[in-house]
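Here's the letter readout for the chains.
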Amino acid sequence: MVLLRIDLQDGFEGDIVIVNINNKEIYRKEGVKTELTLGYADSLEAEVPEGQIMVEVALPEKNITESISLKVLAPVYLGLSVSDGKIVQRRSNTFFAYL
C-alpha cells in the first residue's frame, strides 16, 4: 500500500465535496471552504494499492465531477482546486506547503 494525500486547495466556497478512490467513497464533507490567506480548504489521506488507481472528485451542488487516473508507485500528493467550473489538479512527490 502507498500513501495518497489529497489537498483541497483554491476555489472551494462552502461546497459539498465527495472523493471516491477506485469506486469507493473515502471522503464526504459539507461546507468545504478555502482559507484565502493559505489557499487551503481541507485534506485527506488514504493508503492505496500500488499501481493504477482512479480518483473521482465531485461537487454535486455545482454539477462538477472530475476523474483522475494516477499511477501510484511511491507516495503521491495531489492538490485539487476549483477554477472556471472545473477541478484543476497539481501532483507532487512532496507535501504542499501552506504559510
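Just above, that's the structure.
Just so it is clear, the model here is predicted, and its values are computed rather than measured. (Residues numbered from 1 in each chain as written. Predicted model: local features only at pLDDT ≥ 70, side-chain atom pairs only at ≥ 80, totals over all residues. Heavy atoms only, no water.)

### Here we look at the overall build of the chain
Counted only if it meets this: Strands here mean DSSP runs of E at least two residues long; helices mean DSSP runs of H or I at least four residues long; both are numbered from the N terminus. The reference for a compact globule is 2.2 Å times residues^0.38; the radius of gyration itself is calculated from the C-alpha atoms. When a residue's accessible area, from a 1.4 Å probe over protein chains only, is under 20% of the maximum for its type it is buried; when over 50% it is exposed; and in between it is partly exposed. Two residues form a contact once any of their heavy atoms are found within 4.5 Å. Only the protein chains shown count as cover for residues, and all accessible areas are computed by the Shrake-Rupley method using a 1.4 Å probe. This count recognises Lys and Arg as positive and Asp and Glu as negative, with His and chain-terminal groups excluded. Taken as the charge centre is NZ of Lys, CZ of Arg, CG of Asp or CD of Glu, depending on the residue.
Within the chain, the regular secondary structure consists of zero helices and eight strands. Reading the helices (α) and strands (β) of the chain from amino to carboxyl end gives β-β-β-β-β-β-β-β. In terms of C-alpha radius of gyration, the chain reaches 13 Å, essentially the compact-globule figure of 13 Å for 99 residues. Reported as C-alpha extents along the three principal axes, the dimensions of the chain are approximately 35 × 30 × 20 Å. Per-residue burial over the chain gives 45% buried out of 99 residues. Put simply, 52% of the contacts in the chain that link residues at least 6 apart link residues at least 24 apart. Total accessible area on the chain is roughly 5,800 Å²; 47% of this is exposed by carbon and sulfur atoms. Distance between charge centres in the chain, computed from 10 positive and 15 negative side chains, equals 3 Å.

### Looking at the sheet that holds strand β7 (residues 76-83)
How we decide: Any two strands are treated as partners once DSSP identifies two or more bridges connecting them. In this analysis an axis means a line fitted to C-alpha atoms, helices contributing only their contacting stretch, and an angle means the value between N-to-C directions, from 0 to 180 degrees.
Spatially, β4-β1-β7-β8 is the arrangement adopted by the four strands of the open sheet, whose pairing is mixed. Sheet topology places β4 (42-48) and β8 (86-92) at the edges, where each strand pairs with a single neighbour. Ignoring which end each strand starts from, the neighbouring axes of this sheet average 20° apart. Across seven bridges, β7 lies against β8 in antiparallel orientation. In the sheet register, Leu80 faces β8, and the bridge partner there is Gln89.

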